Every structure is written in structure tokens, then in C-alpha cells.
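Here's the letter readout for the chains.
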Amino acid sequence: MAGLAAPVTAGVPHREADLVLTNANVITVDPQERVAHSVAVRDGRIVAVDDTKDWIGPETRVVDLQGRTVLPGFIDSHTHVDGMADVEAHTVNIQVPPLAGPDAIIARLKELQKKLGPGAWLHGNGTYNQVMPTREQLDAAFPDNPVRLDWSVHDNVINHAAAVALKLDSTYPDPPAGSTGRLERTADGEVKIIRDYHVPFPVETFTHAEKKQALEDILQKFYLERGVTTVSDMAITGPDTFQAYQELRDEGKLPARVRMNPLFNKPGQTGGMLSTGWHTGLGNDMLSIGAIKFVLDGVWGTTAAVYKPFWNGSGTTWIANNRGGTSFTQDQLTSEVVAAHKAGWQVQIHANGDRAQDMALTAFEAAQAAAPRPDARDRIEHFGHFLVQDERTGQRLARMKADGVIPSMQPAFLWRLTNVNVKEPGVKFFALRTLIDAGMHPPGGVDTIGTQNFATYPLFSIQRAVVRDTKYGTITQPEEAITVMEGIKMFTIWGAEANFMEKTRGSIETGKLADFVVLDADPLKTPKTRLSEIKVDMTILGGRIAYDRKEAVQ
């Protein structure tokens, strides 16, 4: 890529740099995968890589990194800052591990009960596939408090008091046939588990000031301090979040660059957004409008839309002949995607199941026919998490390649696979090697709303993608492993490409934004099983040292 910095004419000195990083191990992630040793920054952009001596003047800040590694600032292409702010503020963490099991969960809820008193809702946030207290244990421990425990945003378990409070008795209707929703019941018909379905849970809300502070705190603690300089927030559902982000940007308080993606999970919701005249790319380098996101199905094992019934080892429970469901019909989805294309939007579709993925591709093909865009970069979110191996697989990959559809994967979820899950036949789990060998560039993201809040550090995901290990110690389909450099690209240049940002970030090249992460070890030389142990020493945003670990621990 040609540099954008002003050339230096013989005899005419250029201005001095604001910042120069020297004595560094700079993994540039440029097309040649060069390793450099210094970088110069002026006015928030890179002006020189390696040839930096002439850029140093009396006012230049020179930082000797003493051999430490510099990478482009990480890009998280699929996360949920807005939702995570709510979960961190309004739920108690009951993840197993680190908690030992049901007794420890009940003990933590008892602590919350003491603070809130009888009758108060007790809301715990766990993680995927973890053990939960039984309905009987919850009822015995909390007869007077409604309890809601979340495996994730998709799956909630409740006690009898909660069912009574929500009027979820045997007369409460099941979700419509063919939809994503599913209710699981006790022997007498009372609801005990809610999957991908809206029920009238009480909602704890922020004031506007609280919302701004919560967004700022999450971006700082879980992203900037972990080397992430750009996030794509995938679940913005209300104007208050747009406003809060804009105010943080205008006040100079936005810790990281944000791409805002409005979310729609029901037909007919996009009209207001499309009528605004907004479209993908509006904004500036700190805050921009991203893609419209449609949630088409649910999660693998329970509510994703599939052709063959789910295998009996999938999910936290098993229901025979379950093929999941969708929130749009094909005609509804196609109509909405075509309208979004015509209005200038990139489109991202949450489609975990193979049946939903084919629906997404049909909608994208119709949109390209109605409003051709050779570089639309439409995305299927979660494609390849569970890549079913049957006669349709090759056709599906060929359709994606033909239209340039991007598979957006979150390898951090490999961590959650149980020793039962990984035995499912006919499935490639998180098939990164397959997709990369097919010529695709999957961007990296963590997709957390607090369910895996520990995983927002990109090197956690990169280790999973390279080692293929789960939290139970199982190595899953090692033939799908990728290289460390490929993992780095997922969270740098491939993430930039997936978000139309490769001209400004994703690699360390002249002219690009001076967003860097400084690590205390070289990931290309660190044992693969220890990648996530590497520490972030600094995060540099626009040429400013926005986080310094030494200062943070003093």
C-alpha cells in the first residue's frame, strides 16, 4: 500500500514527529508481513516505519521500547459494549469456573439477597454450558425471591417465584411454530427455561448519565486496556446509546474508536432507520455508522435454524426432532435486506444454523440483483462456528465466495465446548482453516454480553484458534488450527477489511492511524499455549499513549 505521508523533498526538511517508538519489534501486518524496529507519528498518523531518525526533533517524544513487540491496535469486529455495560452493572457474576458449582452459585445469590431483601429479583449471569442449580434447589433456597440465571443472552433458567411473578404458568402460550423461541417446562407445565424468547422480565435501566459512564468504563477496562483500539458494537437498539457515544466523542472521553451497528430481530423494524438517510460509513475515525444487523436465528444446539435435527449432545438440554427456527420468513428477510442495500447499508445477518445461512445467502443474492454493489462486504455472523458437513456445504461456500460474503467468526467460543459437544458427528467446529484455505478473511470478535467477559483480550481468542483448546482441556479438531499470524490478522487487517476500514487501520503503514498495542512478549515466538498470558504494556490511540500498564499499577 502506498504511503500517504507527505514526501520529503531534497533540501526541504519535514516537520518533526510527535512520537517515535524506537528499539521495538514492530509486527507491521503489511502485505509483506515485515518486521520493523521503529515507528514515527505526526498528527495522529504514521509518517515513517523504520526510517525515523530524521523525524526526531526537540519536541518529539521518544519511547525506547527495549525490544518489546508492537502490533497494530486490535480490532474487535463483533462485540456488545452496550449490552455488556448493562450486564456488568445489573447482574451478579455466577460463572463456573471460577465458582465451583451449584452450591457456590446459591451462596453468591444469598449474598445478593441480603443486600436486596425478600421479594427482590436476583439476577445472575453465568456462561455457556455451565452447570446451574436445579429448579428444586432454587425453589428451596429462594422461595420468596424471583431468580433469573443466564447461561447467555439466549438462555435463562428461572425459579417458581419468578414464574409466578411473570405469570408463566401452564396456560402461558408457547412461541409460534417455526420461530426461534422455545419454552421448557416442569411436569405441571410451568415455564422453567426460556430460550431466545421475550418474556416480561423486569428491566433495570440507566439514566442517560449512567449509560455514558457505563459505556466509557466498559470500553476502557475490557477493551482499551486489553489493546483493542476499534470496536464494532453489534447490538445498538435505541437512540440513547447513539447519543451517549456521540457525547463521549464530542467530550473527548471515548476510550476507543466505535463502529455502531443497529440491530433488528423482527420484521418491519428497519423503516425508521432507513428513512433517516444514514448509511454505512457516516461519521469519522472515532465514531462511525456500521452495518444493519438482522438476527435470523438463535444458537447452536437449541434454537439455530438447521436442516437436520440437533444431535442429542448439543446444548444444555436436548429436545427430539428440534430443527430450531427463524425470526423472519425468507420473503421478509429478502425484502429487508434489499431495502437496506438500496439505502447504502452493509448488512450483517446472525445465522448460526445451516438453514438460516442459506436463507441469508438467498437474501444477499437478491439484494445484489436488485441493487448491485461489487464491494458490498455483507457478512454472516457466526458462520463456521458449526460447519455442517453434508452435500450443501460446498455449495454454500461457493455462494459466499461468488458474492464476497464475509464469514464472521468468534473463536473464543471454542472455550465453551464440552467433552460431549465435541463428539457431535458431521460438524466442523469453528472451521477457520477451511475458510481461510478457501480464500476468505474471517474477522475476529468476541461477541460477549458478559457471558465471556474474560475473553475480550484478542490473544485469548487467538490462542483458542491456534491451539483449539477448550476449558475442559480437550483439543478439538486440530486440523482446523490456524497460524499465530493468521490469528493476528483476524484482529487487525482482516477486521479492518470486514468493516471497510483497511485504508485507515489494521496494519502499521505510513498514512494510517497511529493505533498500536505494545506487548511484553512476541506472540510469534511465545509458546502457543501461553499466548493469552502475554500482557499489554501500552495501548496507543491516534499517537497518544492512552494506557500504560506501569502507570496503572502504581
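Right above here is the structure, for reference.
Bear in mind that the values here come from a model prediction, so they are computed numbers and not experimental data.

Visitor: Mind showing me how you'd approach the overall build of the chain here?
Guide: For the chain, the helix and strand inventory stands at 15 helices and 26 strands. Against the globule reference of 24 Å for 554 residues, the chain gives a C-alpha radius of gyration of 24 Å, in line with a compact fold. Taking the principal axes of its C-alpha atoms as reference, the chain extends roughly 90 × 55 × 45 Å. Buried residues in the chain amount to 60% of all 554 residues. Long-range pairs, those at least 24 residues apart, make up 74% of the contacts in the chain between residues at least 6 apart in sequence. For the chain, the exposed surface amounts to about 21,800 Å²; the carbon and sulfur share of it is 52%. Averaging the positions of the 57 positive and the 67 negative side-chain charges in the chain gives two centres separated by 2 Å.

Visitor: What's the story with the sheet that holds strand E5 (residues 45-49) in this structure? I'm lost.
Guide: Backbone-to-backbone hydrogen bonds join strands into a sheet, with any given pair of strands oriented parallel or antiparallel. Overall, mixed pairing links the four strands, which are arranged E5-E4-E1-E6 in an open sheet. Two strands bound the open sheet, and with one partner strand each, they are E5 and strand E6 (61-64). When the angles between neighbouring strand axes are averaged without regard to direction, this sheet yields 20 degrees. In the sheet, strand E1 (residues 19-22) pairs with E6 via four bridges, with the strands oriented parallel. Each residue of the ladder has a partner; that of Leu19, found in E6, is Arg61.

Visitor: Sorry if this is basic, but what is going on with the pattern of salt bridges here?
Guide: Pairing between side chains becomes possible if they bear opposite charge and their charged atoms approach one another. One pass over the full model with this rule turns up 36 salt bridges. The shortest N-O distance in the salt bridge between Arg195 and Asp155 comes to 2.5 Å. In this pair, Arg195 sits in strand E14 (residues 191-195) while Asp155 sits in strand E12 (residues 155-158), placing the two residues 40 residues apart along the sequence. Across the pair, exposure class does not vary: Arg195 and Asp155 are buried alike. Taking the shortest distance from any N to any O, the salt bridge between Arg379 and Glu381 comes out at 2.9 Å.

Visitor: In this structure, what is going on with the side chain of Glu184? I would like to understand it.
Guide: Position of Glu184 relative to the elements: it lies in strand E13 (residues 182-185). Under the relative-accessibility criterion, Glu184 is labelled buried at 9%. Setting aside its immediate chain neighbours within four residues, Glu184 contacts Glu190, Val191, Lys192, Ile193, Arg195, Thr317 and Ile319.

Visitor: Quick question: what am I supposed to make of the pairing of strand E16 (residues 257-264) here?
Guide: The side chains of a regular strand alternate, residue by residue, between the two faces of the sheet. Counting buried residues along E16, eight of its eight residues qualify, which places the element largely inside the surrounding structure. The alternating pattern of E16 places Arg257, Arg259, Asn261 and Leu263 on one face and Val258, Met260, Pro262 and Phe264 on the opposite face, and all of these are buried. Here five bridges tie strand E15 (residues 228-236) to E16, and the two strands are oriented parallel to one another. The partner of Ile236 across the bridge, within E16, is Pro262. Regarding topology, helix H6 (residues 239-250) serves as the crossover connection from E15 to the parallel E16, and that connection is right-handed. Sheet topology places E16 next to strand E17 (residues 287-289); three bridges connect them, and they run parallel. If you follow Val258 over to E17, its bridge partner there is Leu287.

Quick notes on the rules
- Residues numbered from 1 in each chain as written.
- Predicted model: local features only at pLDDT ≥ 70, side-chain atom pairs only at ≥ 80, totals over all residues.
- Heavy atoms only, no water.
- Helix = DSSP H or I, 4+ residues; strand = E, 2+ residues; numbered from the N terminus.
- Rg over C-alpha atoms; globule rule 2.2 N^0.38 Å.
- Buried < 20%, exposed > 50% of the residue type's maximum accessible area, 1.4 Å probe, protein only.
- Contact = heavy atoms within 4.5 Å.
- Areas by Shrake-Rupley, 256 points an atom, 1.4 Å probe, with all protein chains shown as cover.
- Lys, Arg positive; Asp, Glu negative; His and termini not counted.
- Charge placed at Lys NZ, Arg CZ, Asp CG, Glu CD.
- Pairing = 2+ DSSP bridges.
- Axes fitted to C-alpha atoms, helices over the stretch in contact; angles between N-to-C directions.
- Salt bridge = Lys/Arg side-chain N within 4 Å of Asp/Glu carboxyl O.
- Right-handed = clockwise from strand over helix to strand, strands pointing away.

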